[in-house]
Structure formats: structure tokens, C-alpha cells
Amino acid sequence: MSYTTLYEPFFKDLIQRLNKVSRDLARHSAEENKSWVKICPKDKQYWFSCSFSNDGFRINLTFQHNNDRDNRDAVNHLRNQRATIEAELTQEGVDTNLLGWDHLETDRFLKGTKRRDICLIRREAAGRAPEILNNPQQAEEYKQWAVETIPPFVKVFHPKVEAYLRRQKFGW
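Residues numbered from 1 in each chain as written. Predicted model: local features only at pLDDT ≥ 70, side-chain atom pairs only at ≥ 80, totals over all residues. Heavy atoms only, no water.

## What about the packing of aromatic side chains?
Right, on to step 1. Under the defined criterion, the tally for this structure stands at 13 aromatic pairs.
Right, on to step 2. Between the aromatic rings of Phe-10 and Phe-57, the centroid separation amounts to 5.9 Å while the plane-to-plane angle is 80 degrees, which identifies the pairing as edge-to-face. Of this pair, Phe-10 sits in helix α1 (residues 3-21) while Phe-57 is found in strand β4 (residues 56-63), placing the two residues 47 residues apart along the sequence. For the pair shown, Phe-10 and Phe-57 are each scored as buried.
Right, on to step 3. Ring centres 6.4 Å apart and planes at 80 degrees place the aromatic pair Tyr-46 and Phe-48 in the edge-to-face group. Accessibility classification places Tyr-46 together with Phe-48 in one group, the buried group.
Right, on to step 4. Counting every residue linked through ring pairs, the aromatic cluster contains Tyr-7, Phe-10, Phe-11, Phe-52, Phe-57, Tyr-142 and Trp-145. (Phe/Tyr/Trp six-rings, centres within 6.5 Å; stacked < 30°, edge-to-face > 60°. Helix = DSSP H or I, 4+ residues; strand = E, 2+ residues; numbered from the N terminus. Buried < 20%, exposed > 50% of the residue type's maximum accessible area, 1.4 Å probe, protein only.)

Structure (C-alpha cells):
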């Protein structure tokens, strides 16, 4: 089954729902022929994404600086605030038992720039993506989970990432 018939309707509906819930994000975009949706703040040095993967349906935070050291430092900065972040997410109604904090060891190059991903939360998949997306009830459950989970993540992580980037850039 092709992307157009499988992923595209799922992610287009998810984007519409996210846009209704959260106007704080600069844009939501479903890249053509991808099994993920990119949720971008105004700064392009980082973004959130929601994706199907081999191990489930997950929300990631990706850093893309000019060098991997800066990306790694940004991830470690957030890890050092783990207890505070988890407490804030709990207040927002997020089940922190699903948190992964997994560093995705995928040093990928995107237009010549390294990027570093951290998996923030993962929902176990009830099967492979095609099985889920071909079942309207299951697809609806995953969309609803994403709509309920992404805005609290952005609310909690966005200011922390922005503060970190300001300190790196301006020293304050």
C-alpha cells in the first residue's frame, strides 16, 4: 500500500486536529512519502515529530545544530532536568511511565548537517503501521493519543529548549 493511501490521510487529519488544539506552533507538516509528521516551533534548530516506527508510535524531539557536540549538549541539558520535566508533564496529565528519554543513536545527515534525536514518549503499537491505519478504530485511538500528548510536551519542553538556546547564543 502506498504512502498516499496509508499515511497521508492519517497525518493530514492529525495535523488538522493539532492546529485546532494548539496555535502556539509555527506549523505542522506531513512530509511527502513519510511515516511521520513534523511539528515545528519558529526556531529551525529543533522540532518535535510524531511517527510510526518499528517499536511503536512515538513523539521525538530532534536537534539540528551545525555540529553534533551542540546537539548532544542540548539533549544532555534536558536530561539533567528530567525530574522537573517529568513533574511538569504529570501536572499536564501525561503518563510519565511511558517516557523513554531514549537517545536514538541515529546520527543522520540532513542536507549536510548532523542531527540528534531523543525519543520522548512511545506508545506500544498494536501491530505494524499498515494494520493500525487500515483499522479505523485503532487509527482513531492513535490520533487521539497524539492530540492529547503532543501539546503538553510542547508546552513543557519548548520553553526549556528556548532558554537553553538563548544561553548558548547570548550567554544568559
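## Overview of the pairing of strand β3 (residues 46-53)
Across a regular strand the side chains alternate sides, sitting on one face of the sheet and then on the other.
Right, on to step 1. Most of β3 sits inside the fold, with seven of its eight residues counted as buried.
Right, on to step 2. Relative to β3, strand β2 (residues 36-40) runs antiparallel, the two being bridged by four bridges. Each bridged residue has a counterpart across the sheet, and for Ile-39 the counterpart in β3 is Phe-48.
Right, on to step 3. By the bridge criterion, eight bridges tie β3 to β4 in an arrangement that is antiparallel. Bridging from a neighbouring strand, Cys-50 pairs with Ile-59 of β4.
Right, on to step 4. Taken together, β3 and the strand that follows it, β4, pair antiparallel across an intervening segment of two residues. (Pairing = 2+ DSSP bridges.)

In short, geometric facts, not functional conclusions.
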